[in-house]
Amino acid sequence: MTSRSALLVLADGRFPAGGHAHSGGAEAAVRAGRVKDAAGLESFCRGRLHTTGLTSAALAAAAAYGLDPAALDAAADARTPSPALRAVARRLGRQLMRAARATWPSPRLDALAAMYPRGAHQPVVLGTTALAAGLDAEDAAYCVAYETVGGPATAVVRLLGLDPYQATAVLARLVPEMDQVAERAAAAARQGIDALPAAAAPLLDLTAEQHAAWPVRLFAS
């Protein structure tokens, strides 16, 4: 398997890492009326990409560079003010770890799993997985950038009955921006943990807390 093929496996929505159960905040945005159609989805995804997406992509890139995972996990905690989203990030990290260790066995993954038995932050696990799979830091950042917009797009198809062709067209229009975010994230990671971005999306934090309290919801987050 080449590195490029490994990237396709890791970025594939069918990779059993649990992401299909999460909307990335899209469910709350749909209920609030902020996402009603393809244009609303594009706006939502663009905002998420350039804020939490950039931050997560840089964390993943830093992990793929082999930077200290404990320091990166602490950095991820500091950049995630919402308790609900911190819990989601660790749950997704734990699920990704299970899939990653089965797919690309690695002492680095074993050590990270032992360090955080309840789950490290998902971007840290993803970057460590990328390293185990023979990918580089920019590959890890690209994977996160795509995941940041791909998850909400898939969720909105289910939530609104949006035409999947329109949702895919939204992703295609965002490709140049995904490239920019991945490149910025990898460049920041090369400068070390102190240089990692901390772009925030306060509305996503607030609605994540509200969403976690809903008695009935389609997605876990």
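Throughout this document, residue positions are counted from 1 along each chain, in the order its sequence is written. Totals for whole chains, interfaces and linings use every residue, but because this is a predicted model, local features are given only for residues with pLDDT of at least 70 and side-chain atom pairs only at 80 or more, for both listing and counting. Calculation of side-chain values draws on the structure's entire complement of heavy atoms; hydrogens and water are dropped beforehand.

Draft legend 1. Main features of the overall build of the chain. Note on conventions: DSSP H or I runs of at least 4 residues are helices, E runs of at least 2 residues are strands, and numbering of each starts at the N terminus. On a plain count of helices and strands, the chain comes out with eleven helices and zero strands. Along the chain, from the amino end to the carboxyl end, the secondary structure elements read α-α-α-α-α-α-α-α-α-α-α. For 221 residues, the compact-globule estimate of 2.2 N^0.38 gives 17 Å, and the C-alpha radius of gyration of the chain, at 16 Å, lies within 12% of that figure. When its C-alpha atoms are laid out on the principal axes, the chain stretches across 45 × 35 × 30 Å. Accessible area for the chain stands at about 10,200 Å²; split by element, carbon and sulfur atoms hold 56% of it. Only four residue types enter the charge count: Lys and Arg as positive, Asp and Glu as negative, with His and the chain ends excluded. Every charge is mapped onto a representative atom, which is NZ of Lys, CZ of Arg, CG of Asp or CD of Glu. Within the chain, the 19 negative side-chain charges are centred at a point lying 7 Å from the centre of the 21 positive side-chain charges. The globule rule is 2.2 Å times the number of residues to the power 0.38, and the radius of gyration it is compared with is taken over C-alpha atoms. To measure how exposed things are, a 1.4 Å probe is used in the Shrake-Rupley method; for residues, cover is taken only from the protein chains shown.

Draft legend 2. Looking closely at the packing of aromatic side chains. Note on aromatic contacts: the rings of Phe and Tyr and the six-membered ring of Trp form a pair at centre separations within 6.5 Å, being stacked when their planes are under 30 degrees apart, edge-to-face when over 60 apart, and tilted otherwise. Throughout the structure, instances matching the rule amount to one aromatic pair. Here the aromatic rings of Phe15 and Trp104 are separated by 5.8 Å at their centres, their planes lie at 25 degrees, and the arrangement is stacked. With a gap of 89 residues between them, Phe15 in the loop between helix H1 (3-11) and helix H2 (26-31) and Trp104 in the loop between helix H5 (83-103) and helix H6 (107-115) connect regions that are remote in the sequence. Think of it in three bands: with a 1.4 Å probe and only protein chains considered, a residue is buried below 20% of the maximum accessible area for its type, exposed above 50%, and partly exposed in between. By relative accessible area, which is 10% here, Trp104 ends up buried.

Draft legend 3. Here's a closer look at H1. Restricting attention to buried positions, one finds in H1 the residues Ala6, Leu7 and Leu10. Buried residues of H1, viewed axially, fall in a sector of 105 degrees; they line one side. Exposed positions of H1 whose direction lies more than 90 degrees from the buried face are Arg4 and Leu8. Contacts are residue-level and defined by heavy atoms, with any inter-residue pair within 4.5 Å sufficient. Structurally, H1 contributes buried residues whose contacts are with H5, helix H7 (122-132) and helix H8 (137-160). The arc in question is traced by the directions running from the helix axis to the C-beta atoms.

Draft legend 4. Broad picture of the nonpolar core. Put simply, buried Ala, Val, Leu, Ile, Met, Phe, Trp, Tyr and Cys residues joined by side-chain atoms within 4.5 Å make one nonpolar core. If you look at the biggest cluster of nonpolar residues, it comprises 64 residues, and the most contacted ones within it are Leu10, Leu41 and Leu126. With 14 residues, the top contributor of residues to this core is helix H3 (residues 38-64). If near-sequence neighbours (up to four positions away) are discounted, Leu126 is found in contact with Leu10, Ala60, Leu96, Ala140, Cys143, Val144 and Glu147.

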